[in-house]
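The residues making up each chain are set out below.
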Amino acid sequence: MNEALKNLLYRMADDELIIGHRNSEWTGLGPILEEDIAFSSIAQDKIVHSLALFKILESLGEPEPDTSAFMRNSLQMKCCHLVEYPIGGYDFSLIRHFLFDTAEMLRYQMLEDSSYLPLSLLAKKVRGEIKYHVFHANTWVAQLGAQGNEDSHSRMQSALNLAFPLALGIFEPSEFEKELKNDGIFGGETELQKRWLEAISITLQKATLILPQIETVVPSYGGRTGSHTDLRMLSLLSITIFHGILIVLPKQDFSH
Amino acid sequence: MQIITSLDPRVNRAALPENPDTSFVPKEELDQFKTYEVFHQPKSGARHLHVGSVHAPTPELAIAFAKEQYGRRGQSVSLWVVSTDDIIALDTSDSDVFETATEKPYREVNAYANTREKIESFKKEQQA
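The shown structure was predicted, so the numbers you read here are calculated from the model rather than taken from an experiment.

Further remarks concern the overall build of chain B. What chain B contains, in helices and strands, is 3 helices and 3 strands. The secondary structure elements of chain B, listed N-terminal to C-terminal, are α-β-β-α-β-α. Over its C-alpha atoms chain B spans a radius of gyration of 27 Å, topping by over 25% the 14 Å that the globule rule assigns to 128 residues. Its C-alpha atoms give chain B principal-axis dimensions of roughly 95 × 35 × 35 Å. In chain B, which comprises 128 residues, the share counted as buried stands at 12%.

All right, on to the overall build of chain A then. If you tally the helices and strands in chain A, you get 11 helices and 2 strands. What you see in chain A, going N to C, is helices and strands ordered as α-α-α-α-α-α-α-α-α-α-α-β-β. Among the 256 residues that make up chain A, the fraction classed as buried is 42%. When contacts within chain A are restricted to residue pairs at least 6 apart in sequence, long-range pairs at least 24 apart make up 72% of them.

Residues and elements named next belong to chain B. Of the residues in chain B, 99% have a pLDDT of 70 or more, and the chain-wide mean is 87. Mean pLDDT across the secondary structure elements of chain B bottoms out at helix α1 (residues 9-14), with 84, and peaks at strand β3 (residues 78-83), with 96. Scoring of the predicted complex yields 0.81 for pTM and 0.80 for ipTM.

As a further point, take the nonpolar core. Ranked by size, the top nonpolar core spans 59 residues in total, and within it L8, L82, I95, L99, V141, A163 and A167 of chain A carry the most contacts. Among the secondary structure elements, those contributing two or more residues to this core are α1 (2-24), α2 (33-59), α4 (81-84), α5 (90-111), α6 (117-125), α7 (127-147), α8 (150-168) and α10 (189-206) of chain A. If you tally residues by element for this core, the top one is α5 of chain A, at 11 residues. Once residues lying within four places of it in the same chain are set aside, the contact partners of I95 of chain A are M156, A159, L160 and A163 of chain A. Counting residues in hydrophobic clusters, the runner-up holds 16 residues, among them F39 of chain A together with V38, V54 and A62 of chain B.

Residues and elements named next belong to chain A. Direction vectors running N to C along α1 and α2 enclose 155°, while the axes themselves pass 8 Å from each other. Put simply, α1 runs roughly antiparallel to α2. Considering how the two elements wind past one another, α1 and α2 form a crossing that is left-handed. Of the residues in α2, those touching α1 at K6, L9, Y10, M12, A13, E16, L17, I19, G20, N23 and S24 are F39, S40, I42, A43, K46, I47, H49, S50, L53, F54, I56 and L57. Its residues assigned to classes, the contact of α1 with α2 shows 14 nonpolar, 6 polar and 3 charged.

Relative to the 18 Å expected for 13 residues at 1.5 Å per residue, helix α3 (residues 115-127) of chain B spans 18 Å between its end C-alpha atoms, a close match to the ideal helical length. In terms of residue burial, α3 of chain B counts as a barely covered element, since only 0 of its 13 residues are buried.

Positive phi values are uncommon outside glycine, yet T208 of chain A reaches one of about 50°. By the secondary structure assignment, T208 of chain A is in the loop between α10 and α11 (231-235). Backbone geometry at A15 of chain B places phi at a positive 50°, although glycine is not the residue there. According to the C-beta neighbour criterion, A15 of chain B is exposed, with 9 such atoms within 10 Å.

It is worth spelling out the interface of chain B and chain A at this point. Every contact between the two is made by 20 residues of chain B and, on the other side, 18 residues of chain A. Element by element, the count of residues in the side of chain B that touches chain A is highest for helix α2 (residues 59-70) of chain B, at 7 residues. Taken together, the residues of the side of chain B that touches chain A break down into 10 nonpolar, 3 polar and 7 charged.

The subject of this paragraph is the sheet that holds β3 of chain B. Residue and element names in this part refer to chain B. Taken in spatial order, the 3 strands line up as β2-β1-β3 in an open sheet, and their pairing is antiparallel. A single partner strand is all that each edge strand has here, and the edge strands are β2 (49-55) and β3. The mean angle between the axes of side-by-side strands here comes to 30°, regardless of whether they run parallel or antiparallel. Sheet topology note: the strand β1 (residues 35-41)/β3 ladder contains 6 bridges and is antiparallel. Note that in β3 the partner of F39 across the bridge is W80.

Our focus in this paragraph is the packing of α2 of chain A against α7 of chain A. Residues and elements named next belong to chain A. Relative to each other, α2 and α7 sit at 140°, their axes nearing to 11 Å. Classified by the angle between their axes, α2 and α7 sit oblique to one another. In this structure, the crossing between α2 and α7 has a hand that is left-handed. Here A38, I42 and D45 of α2 come into contact with α7, specifically with E129, H133 and H136. Taken together, the residues of the contact of α2 with α7 sort by class into 2 nonpolar, 2 polar and 2 charged.

Parameters and conventions
- Residues numbered from 1 in each chain as written.
- Chains lettered and ligands numbered in written order.
- Predicted model: local features only at pLDDT ≥ 70, side-chain atom pairs only at ≥ 80, totals over all residues.
- Helix = DSSP H or I, 4+ residues; strand = E, 2+ residues; numbered from the N terminus.
- Rg over C-alpha atoms; globule rule 2.2 N^0.38 Å.
- Buried ≥ 20, exposed ≤ 12 C-beta atoms within 10 Å, placed from the backbone.
- Contact = placed C-beta atoms within 7 Å.
- pLDDT = per-residue confidence, 0-100.
- Core = buried A, V, L, I, M, F, W, Y, C linked by C-beta atoms within 7 Å.
- Axes fitted to C-alpha atoms, helices over the stretch in contact; angles between N-to-C directions.
- Parallel < 35°, antiparallel > 145°, perpendicular 65-115°, else oblique.
- Left-handed = near helix turned anticlockwise from the far one by under 90°.
- Nonpolar A, V, L, I, M, F, W, Y, C, P; charged D, E, K, R; others polar.
- Expected span 1.5 Å × (residues − 1).
- Pairing = 2+ DSSP bridges.

The structure is reproduced here in structure tokens:
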């Protein structure tokens, strides 16, 4: 049971860690000041969620949070491909924020009933925060999809087409799925994906954006077993504090 | 054009020129989003207080921004946004209407500052 639980926790923690750092790259460069503050704050929340998960892992005999977060190599990282992608334009970053956070919210909703108490407590604790994240994402997606102009609509649609197969990788089947379900720890990725598709469809309809037919796309699997889109990005992830701002630098940048 | 290179990938992405062109083109008026005034309620039953404003394209996004700008420290139980255009203000040239003549101290708070002492001294006077 421990191995299955740890696997689930690492998947979740790594997703939150990487998307938090990715989104923090917009800090100071957001489209307007207000959005910069909101998006940076959301990014910070993700890092804190990952810290909470690494702390649970520590209580299960894993290394302390900083070591878990920054000292593992890419093969040991269990994040999905969606969160690894560079931030791209604000269209892609917003769509990723929307797809990821909706899944995150629904996952924690399922975990509120988890038989593993630390997870169900955490799920209840982060509920309000994630509700805001999803509200923020939904508002932007509806705005740029339905109330913007032709350019904003087509950019959001292209970003969605690119991000959808990556997002399906969030729900990459796990060898531990059955065990987690039987132990009442987590209801499983298949169930989560079903709920996620229903939830995003509602917002996308409001946004007049079209979800690609799921049968026509190939889910971007592999992240959960250590096969990542950009090995360099994960294995050489280097994090530094500069004037109180957390900055993620690919290591090769230090060479010049 | 030379671009500033930095260890910070965000600076590189911004593609800032090494020698910026200093001849700025004046911007058109109101090239920003409109503003919304933000009111928060610190606790249930309390009045909503004005805490600032946000730029936003729509009321929904104004609420989304206001929550992070003014409500993220957990001091609010309720939040309002009002389009700044909808606020009716007194003409600033008429602000002299706030001036009051000095002969009406009974209208001002200060006149009631030491009420208890005044009562006591009045009572003493009566007893004397």
